[in-house]
Amino acid sequence: MNNNIEEIVKEAILQIKTADLKTVENIKIKYLGKNGALTQILKSLSNFSAKDRKNIGSKANSAKSVIENEIESRKETLRKTLLEEKMQKEKLDYSSDFYFPFSKGSFHPIMQTIQDICSIFKSLGFSVAQGYEIETQWYNFEALNIPKNHPARDVQDTFYLEGTEELLRTHTSPGQIHVMESQKPPVRVIVPGRVYRNEASDATHFSTFHQIEGLAVDEDITFVDLKAVLSDFIHKFFGYGIDISFRPSHFQFTEPSAEVDVQCVFCNGKGCRVCKNSGWIELLGCGIVHPNVLKAVNYDSEKYTGYAFGLGVERITMFKYGIDDIRLFYENDLRFLKQF
Ligand code: FA5
């Protein structure tokens, strides 16, 4: 009888190993069901002596658990395989219109330009840092060599936060100060961000817009490095056929300073509403970092020099895509946004 039980277990396990879900249920009935092989043995125990009954009964019961466990583990394996097959078959393609009937989103053109500009400057060895939209007057003005009551503060009409010393930054230049406070030269960084100015809108001016600040500080940096890096950037961004002009200018935080203009694409330099009949559109301000700015962050202004620039992201995007009014970026008109 003992041999018989072992044979039954072997036979059952062999069958279970290759059984599908339906067969496995039949095997269960065959061995453990009401008239199953093991049930028959257990039912017949009364025919045996007390000693054999105990021995055979215990063997038959453990054989029963072995077969039950085997069946459960086979079922589990089969269920998992079926589920995997099903998932594989029913894998959803979310890019397909069939499963996703809504139109796909895209980045706002301003965000796209910021990403494009960042990746060009990264390829030129610059890292990317973040500044703060709410700034103190020290970071936005004083540290940038714009002392209290200086007329230069009137140039940028500022949104002050009521009852505080704080303001909405008028440019990304305070980002330069944060970077220099947190690291020693050499520095090569760009700081993209949104800026605010309390000024009237027209085709090229808006009260909220984006800038990308650039800063490089090291020994022996000159205006030639600045010109080279900006020309390289502009050519990489717009292509090599573009006309650029470096025009002398004034910023409190750079000396000498310049503004970079590109020939107006809307009128090919003849003069129009967008370029205010000048034939040129101003893209950015730049210059050699003023020694007072280096001193404000405890850099040795005898040892180090640097250049800085601030690009207008909306202007660059207008120029790249031939958009003749900055306000279009902020009207949330889907017919406009869908083109990007
Ligand atoms: C500045 O903001 C300086 N911080 C730039 C700078 C940085 C100079 C580092 C030197 C060194 P400006 O006010 O000119 O400069 O603004 C820089 C650029 O932002 C402009 O060339 C223009 O492209 C863009 N810009 C300025 N005002 C507006 C506006 N209201 N709307 C949209 N773009 C603007």
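See the structure printed just above.
Residues numbered from 1 in each chain as written. Predicted model: local features only at pLDDT ≥ 70, side-chain atom pairs only at ≥ 80, totals over all residues. Heavy atoms only, no water.

The subject of this paragraph is the overall build of the protein chain. Helices and strands together make up the secondary structure of the protein chain, namely twelve helices and nine strands. Its C-alpha radius of gyration of 38 Å places the protein chain more than 25% over the 20 Å reference for a compact globule of 340 residues. Taking the principal axes of its C-alpha atoms as reference, the protein chain extends roughly 115 × 50 × 45 Å. With 340 residues in all, the protein chain has 43% of them scored as buried. Contacts in the protein chain between residues at least 24 apart in sequence constitute 66% of all its contacts with a sequence separation of at least 6. Of the roughly 18900 Å² of accessible surface on the protein chain, a fraction of 52% belongs to carbon and sulfur atoms. In the protein chain, 41 side chains carry a positive charge and 45 a negative one; their mean positions are 15 Å apart. (Helix = DSSP H or I, 4+ residues; strand = E, 2+ residues; numbered from the N terminus. Rg over C-alpha atoms; globule rule 2.2 N^0.38 Å. Buried < 20%, exposed > 50% of the residue type's maximum accessible area, 1.4 Å probe, protein only. Contact = heavy atoms within 4.5 Å. Areas by Shrake-Rupley, 256 points an atom, 1.4 Å probe, with all protein chains shown as cover. Lys, Arg positive; Asp, Glu negative; His and termini not counted. Charge placed at Lys NZ, Arg CZ, Asp CG, Glu CD.)

With an omega dihedral of 5°, the bond running from Pro-185 to Pro-186 counts as a cis peptide bond. For the bond running from Glu-255 to Pro-256, omega is 0°, close enough to zero to count as cis. Positionally, Pro-256 belongs in strand S7 (residues 254-263). Non-glycine residue Asn-332 carries a positive phi angle of around 55°. Topologically, Asn-332 is positioned in the loop between helix H11 (313-321) and helix H12 (334-337).

Here the focus is the packing of aromatic side chains. According to the stated counting rule, one finds 15 aromatic pairs in the structure shown. What links up through ring pairs into an aromatic cluster is the set Phe-121, Phe-126, Phe-233, Phe-237, Phe-238, Tyr-307, Phe-309 and Phe-319. Here the basic side chain of Lys-227 rests over the ring of Phe-246, its NZ or CZ set 5.3 Å away from the ring centre. Lying across the ring of Phe-237, Lys-320 places its NZ or CZ 4.4 Å from the centre. (Phe/Tyr/Trp six-rings, centres within 6.5 Å; stacked < 30°, edge-to-face > 60°. Lys NZ or Arg CZ within 6 Å of the ring centre and 35° of its normal.)

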